[in-house]
Amino acid sequence: MAKGLLARKVGMTQVFTERGTVVPVTVLESDSCLVVQRKTASKDGYDAIQIGFGEQLAKRVNKPMSGHFRRAGVRPLRRLTEIRDAGEAELGRRLTVEMFSAGQLVDVTGTSQGKGFAGTVKRHGFSRGPVSHGSMNTRQPGSIGSVDAARTFKGVKMSGHYGSVRRTTRHLEVVRVDGERNLLLIKGAVPGHKNAVVLIRPSDRAETL
């Protein structure tokens, strides 16, 4: 069975345990995750499966991708991703949330929310300068280059676009699996905005909480 699933982030809510404890959870929905391609070490150099998620209009798919989906026997999909060493899976097979179980630990990968242009204090956690009378360096970055180079070196932490990068949140607990509605409730927050597509994989830590 495949060891990964694409799902849509519905939003966050809260559930109550049997003891009455409130647990914040993220609701993920996966109703159209299909196996599109299977790669092997003998043919492609590595073992992996390609899965797709989200329906796409046929007129918005070019001819090469149309043939790719046709060979797999699936309808055009919006998002594609590969999972290495994911086990066996038949082409066109539909993957569901029931591959996970309550109490299992998973890793969730997605694109974090973009927060626009931000300064060094918010973007990198810089300390602010003095706030005494006459100070003009409260939130400025300070020195950004060497004395003799007459240029700024690459990789210097500066102001710029904040967020909108690929992130993985590890070792999250699966609180509930709803196979009838294709919902997966995961404890805590996961990367991405509402309706974002995320990849869910079993965590490297085999033990459960």
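Before any of the text, the structure's been laid out above.
Definitions and cut-offs
- Residues numbered from 1 in each chain as written.
- Predicted model: local features only at pLDDT ≥ 70, side-chain atom pairs only at ≥ 80, totals over all residues.
- Heavy atoms only, no water.
- Pairing = 2+ DSSP bridges.
- Helix = DSSP H or I, 4+ residues; strand = E, 2+ residues; numbered from the N terminus.
- Axes fitted to C-alpha atoms, helices over the stretch in contact; angles between N-to-C directions.
- Contact = heavy atoms within 4.5 Å.
- Core = buried A, V, L, I, M, F, W, Y, C linked by side-chain atoms within 4.5 Å.
- Buried < 20%, exposed > 50% of the residue type's maximum accessible area, 1.4 Å probe, protein only.

### Describing the sheet that holds strand E11 (residues 183–187)
Consideration 1: The strand order E1-E2-E11-E10-E7-E12 describes a closed barrel built from 6 strands, whose pairing is antiparallel. The mean inter-strand angle of the sheet, taken between neighbouring strand axes irrespective of direction, is 50 degrees.
Consideration 2: Judged from the 8 bridges that link them, strand E1 (residues 5–16) and strand E2 (residues 22–29) form a sheet pairing that is antiparallel. When the sheet's bridge partners are listed, Gln14 is paired in E2 with Pro24.

### Thoughts on the sheet that holds strand E6 (residues 94–95)
Consideration 1: One open sheet accounts for 4 strands, arranged E5-E4-E3-E6; its pairing is antiparallel. Lying at the two open borders of the sheet, with one neighbouring strand each, are strand E5 (77–84) and E6.
Consideration 2: Pairing of strand E3 (residues 33–39) with E6, which is carried by 2 bridges, proceeds in the antiparallel orientation. Bridge assignment links Cys33 to a residue of E6, and that residue is Leu95.
Consideration 3: Helix H2 (residues 63–72) contacts E3, strand E4 (48–55) and E5 of the sheet and is inclined by roughly 95 degrees relative to E3.

### Re the nonpolar core
Soluble, globular proteins show a tendency: their nonpolar side chains are buried together.
Consideration 1: In this structure, Leu28, Ile51, Val106, Val108, Leu184, Ile186 and Ile200 are the most contacted members of the largest nonpolar core, which totals 27 residues.
Consideration 2: A per-element tally of this core places strand E12 (residues 197–202) first, with 4 residues.
Consideration 3: Discounting chain neighbours no more than four positions away, the residues touching Leu28 are Ala7, Arg8, Lys9, Asn182, Leu183, Leu184, Ile186, Val190, Val198 and Ile200.

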